[in-house]
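Observations on the three-dimensional arrangement
Next come the chains, spelled out residue by residue.
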Amino acid sequence: MKEKAVVIYSGGMDSFTVLHKALAAGYELYPLSFHYGQRHAKELDVAAAVCQQLGLPHKVVDIRAINTLLAGSSLTDDIEIPQGHYADDNMKSTVVPNRNMILLSLAIGYAVSIGARKVFYGAHSGDHSIYPDCRPEFVQKMNAVSLIANYEPVEVVSPYLSQSKIDILRDGLAMGLDYSQTWTCYNGRERACGKCGACHERLEAFSLNQAQDPLPYEQAEA
């Protein structure tokens, strides 16, 4: 019998790679996505399409009500999405307060309810400077809490925690993954903008892997 695992699956290229990495490792997967009011909710449609294609039991949880408590992020509020690289200080406006602790808590609870012993989560080193809840210290402490929070211990697994998006893409390309089945741009328009931090980092990863990004862009700037 296969071991069950929950994957926090946004529909982006990082979680897409994590999903396939866990699938290749032989887990019985239960992908979990969250609608938290993100303006790029288009990623949820992309995630649903991938799970349908793979025959995976995908759940989308609507937690938009949290935005009555959490404010100040350009991803959920009426604040302009900043342009530039993730290293730029203005990208801090894309932080949603405590988002990943909330998502992990829900995913851990879901794992306990279905008898899964692992929750996969796509944090990586490129997120460390801007997103506090993607740093190794956060993930390690969340894992420690997850192991004692219920009668059944659940491990938080972040396979790319010490690697960059460049490394993630390299791994995915080696697995033959089709990244046209992902969405990264923070603007939920028909085409990716090519200007926001998410687009910059994605385009840079493709460029440094000598690969062509299959997504259409309004303006591609690596």
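Computed from a predicted model, the values in this text were never measured in an experiment.

Attention now moves to helix α2 (residues 42-54). Over its 13 residues, α2 extends 19 Å from the first C-alpha to the last, a length consistent with the 18 Å expected when each residue adds 1.5 Å. Where α2 is concerned, the buried positions are E43, L44, V46, A47, V50 and C51. All buried residues of α2 project into a common sector of 160° when viewed along the axis, lining one side. Structural note: α2 exposes D45, Q52 and Q53 on the side pointing more than 90 degrees away from its buried face. Turning to α2, the residues buried within the fold contact α1 (13-24), β2 (28-35) and β3 (59-62). Of the residues one or two after α2, G55 is the one with positive phi, at around 70°.

For the protein chain, the mean per-residue pLDDT works out to 86, and 83% of the residues sit at or above 70. This model gives residues 72-77 a pLDDT under 50, and the stretch forms 32 contacts once residues within four places in sequence are excluded.

Time to look at the packing of aromatic side chains. Evaluation of the coordinates by the stated rule reveals three aromatic pairs. Relative to Y179, the ring of F16 lies with its centre 5.4 Å away and its plane at 65°, an arrangement referred to as edge-to-face. Here F16, found in helix α1, pairs with Y179, found in the loop between α5 (165-174) and α6 (197-208); they are 163 residues apart in sequence, far enough to count as distant. Grouping residues by exposure puts F16 and Y179 together as buried. Between Y27 and F120 the ring centres are 5.3 Å apart and the planes differ by 65°, which places this aromatic pair in the edge-to-face class. With Y27 in the loop between α1 and β2 and F120 in strand β4 (residues 118-120), this pair connects stretches of sequence that are 93 residues apart.

Calculation notes
- Along every chain, residues carry numbers that run from 1 in the direction the sequence is written.
- This being a predicted model, a pLDDT of at least 70 is required before a residue's local features are given, and a value of 80 or more before pairs of side-chain atoms are given or counted; all residues contribute to the totals for chains, interfaces and linings.
- To get the side-chain values, take all heavy atoms of the structure and skip hydrogens and water.
- Going along the chain from the N terminus, every DSSP run of H or I of four or more residues is numbered as a helix, and every run of E of two or more is numbered as a strand.
- Multiplying one less than the number of residues by 1.5 Å gives the expected span of a helix.
- In this scheme, a residue with accessible area under 20% of its type's maximum is buried, one over 50% is exposed, and one in between is partly exposed, where area comes from a 1.4 Å probe on protein chains only.
- Note that the arc is computed from the directions linking the helix axis to the C-beta atoms.
- Any two residues having at least one pair of non-hydrogen atoms within 4.5 Å are treated as being in contact.
- For every residue, the predictor assigns a confidence score, pLDDT, that lies between 0 and 100.
- Planes of paired rings set the category: under 30 degrees apart is stacked, over 60 is edge-to-face and the rest tilted, where pairs are Phe, Tyr or Trp rings (Trp by its six-membered ring) whose centres lie within 6.5 Å.

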